[in-house]
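# Structural description and commentary
Take a look at the letters that make up each chain.
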Amino acid sequence: MSDIRNFFSRPKRSAPSEAKEDERPQKKQKEEESKSTEAADTKATVAHLLTEPKWREVLAQEFKKSYFKNLDTFLVQEQKKKAKIYPPKDEIFTALNLCPFDKVKVVILGQDPYHGPGQAHGLCFSVQKPVPPPPSLRNIYKEAMSDVKIPKPSHGCLLSWCHQGVLMLNTVLTVRAAEPNSHKKQGWENFTDVIIRKISQDSEGVVFLLWGKPAQEKIPLIDRSKHKIFTSSHPSPLGATKTAEPFIGSRCFSKTNEYLVQQGKEPIDWTVE
């Protein structure tokens, strides 16, 4: 009798297959949710990454234009190809998010972000700690130490400038890893040209530091009757001292502060903190 009871108390052989049947809908649901999340990520526009309220207001119409939609499509395709993009997504608009439109006193123009790991974080010429300052930034420090006597910086992060109203804007805001200029002519130039025009039109007494020929090509966007432009060669070692208008010795930092004071504005403390 005990043998019969033991036999009927054993689990049914069909139980394992029933458990698998129960797991299949859950597994399928998880797979669908994962695909849905991935699809949402690839469809998301970079526009939502711009969070500073005034800049969002100023640039709202740009996000609706065809060139920006094309730019979004390009960035989605880069993501689908698993391309490594710099800076990290949440830092693409660092320059704008941390330097509100109505606080801009100085504009420094760069080209595209650094394309090495851990470098770019959304501010031209600036690198994340503890990445050593690249050659151009070392020359920027050299001129600032000579011109306005700042202490020798111990790192390459320029957030302390940004927080005082220095807009450090690259003309192209993203780049593929190890491929400089890989996101050139995809729409970012249109967008950053609008930023320069808006500052020129709606602000007064802003200093534009245009280092090198690419930056100086933006001069036609700026109303020189309302703003001040200082030009020189690029701070790169290739041209910082070897042109008719060298960066080294340009005194651009003291000249900027002199102009700001004339406009009744606080000068910039160029110390790198």
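Conventions adopted
- Residues numbered from 1 in each chain as written.
- Predicted model: local features only at pLDDT ≥ 70, side-chain atom pairs only at ≥ 80, totals over all residues.
- Heavy atoms only, no water.
- Helix = DSSP H or I, 4+ residues; strand = E, 2+ residues; numbered from the N terminus.
- Pairing = 2+ DSSP bridges.
- Axes fitted to C-alpha atoms, helices over the stretch in contact; angles between N-to-C directions.
- pLDDT = per-residue confidence, 0-100.
- Contact = heavy atoms within 4.5 Å.
- UniProt positions renumbered as here; feature names shortened; annotations may be inferred.
- Buried < 20%, exposed > 50% of the residue type's maximum accessible area, 1.4 Å probe, protein only.
- Polar contact = N/O pair within 3.5 Å; in protein donor to acceptor, adjacent residues only side chain to side chain.
- Phe/Tyr/Trp six-rings, centres within 6.5 Å; stacked < 30°, edge-to-face > 60°.

## Observations regarding unusual backbone geometry
Here the bond from Tyr 86 into Pro 87 is cis, since omega is -5°, no more than 30 degrees from zero. The residue Pro 87 is located in the loop between β1 (85–86) and α5 (94–97) in this model. Cis geometry marks the peptide bond from Lys 129 to Pro 130; its omega dihedral reads 0°. Residue Phe 125 is not a glycine yet carries a positive backbone phi of 70°. In this structure, Phe 125 sits in the loop between β2 (106–110) and α6 (135–147). Phi angles above zero are rare outside glycine, and Lys 185 is one such case at about 60°.

## Observations regarding the sheet that holds β2
Strand order in the open sheet formed by four strands is β3-β2-β5-β6, with parallel pairing between adjacent strands. Edge positions in the open sheet fall to β3 (166–170) and β6 (228–232), since each of these has one partner strand only. Along the sheet, successive strands turn relative to each other by an average axial angle of 20°, direction set aside. Examined bridge by bridge, strand β5 (residues 207–211) and β6 share five bridges and lie parallel to one another. Counterpart to Phe 208 in the pairing with β6 is Ile 229.

## Remarks on the confidence of the model for the chain
Summing up the model confidence of the chain, the mean pLDDT is 88 and the portion of residues at 70 or higher is 84%. This stretch, residues 1–21, has a pLDDT under 50; its non-local contacts, to residues over four places away or in other chains, come to zero contacts. The low-confidence segment residues 32–43, where pLDDT is below 50, has five contacts with residues more than four positions distant or belonging to other chains.

## What to know about the UniProt feature "active site" (unreviewed entry) in the chain
The feature "active site" (unreviewed entry), as given by UniProt, occupies Asp 112 in the numbering adopted here. With respect to the helices, strands and loops of the structure, Asp 112 is situated in the loop between β2 and α6. According to the relative accessible area criterion, Asp 112 is buried, its value standing at 17%. Leaving out residues up to four positions away in the same chain, Asp 112 has contacts with Asn 170, Val 172, Val 175, Pro 180, Asn 181 and Ser 182. A distance of 2.7 Å separates a polar atom in the side chain of Asp 112 from the backbone nitrogen of Asn 181.

## Here's the deal with the environment of Gln 186
Looking at where Gln 186 falls in the secondary structure, it is placed in the loop between β4 (175–176) and α8 (188–202). Among the residues examined, Gln 186 registers a relative accessible area of 29% and is labelled partly exposed. The sequence separation of Gln 186 and Thr 73 amounts to 113 residues, and the corresponding C-alpha distance is 9.8 Å. Apart from the residues lying within four places of it in its own chain, the contact partners of Gln 186 are Tyr 67, Leu 71 and Phe 74.

## Some remarks on the side chain of Asn 257
Position of Asn 257 relative to the elements: it lies in helix α10 (residues 252–262). The class of Asn 257 is buried, set by a relative accessible area of 13%. Among all residues touching Asn 257, those that are not within four sequence positions of it are Pro 267, Ile 268 and Trp 270.

## Here's the deal with the pairing of β5
Taken across its five residues, β5 has five buried, putting it largely inside the fold. Going residue by residue along β5, you find Val 207, Leu 209 and Trp 211 tucked away on one face and Phe 208 and Leu 210 tucked away on the opposite face as well. The pairing of β2 with β5 spans three bridges and is classified as parallel. Its bridge partner lying in β5, Val 107 is registered against Phe 208.

## Thoughts on the packing of aromatic side chains
Per the stated rule, a full pass over the model turns up 15 aromatic pairs. A centroid spacing of 6.0 Å and a plane angle of 75° characterise the contact between Phe 93 and Trp 188, whose relative ring orientation is edge-to-face. Taken together, the positions of Phe 93 in the loop between β1 and α5 and Trp 188 in helix α8 put the pair 95 residues apart, joining distant regions of the chain.

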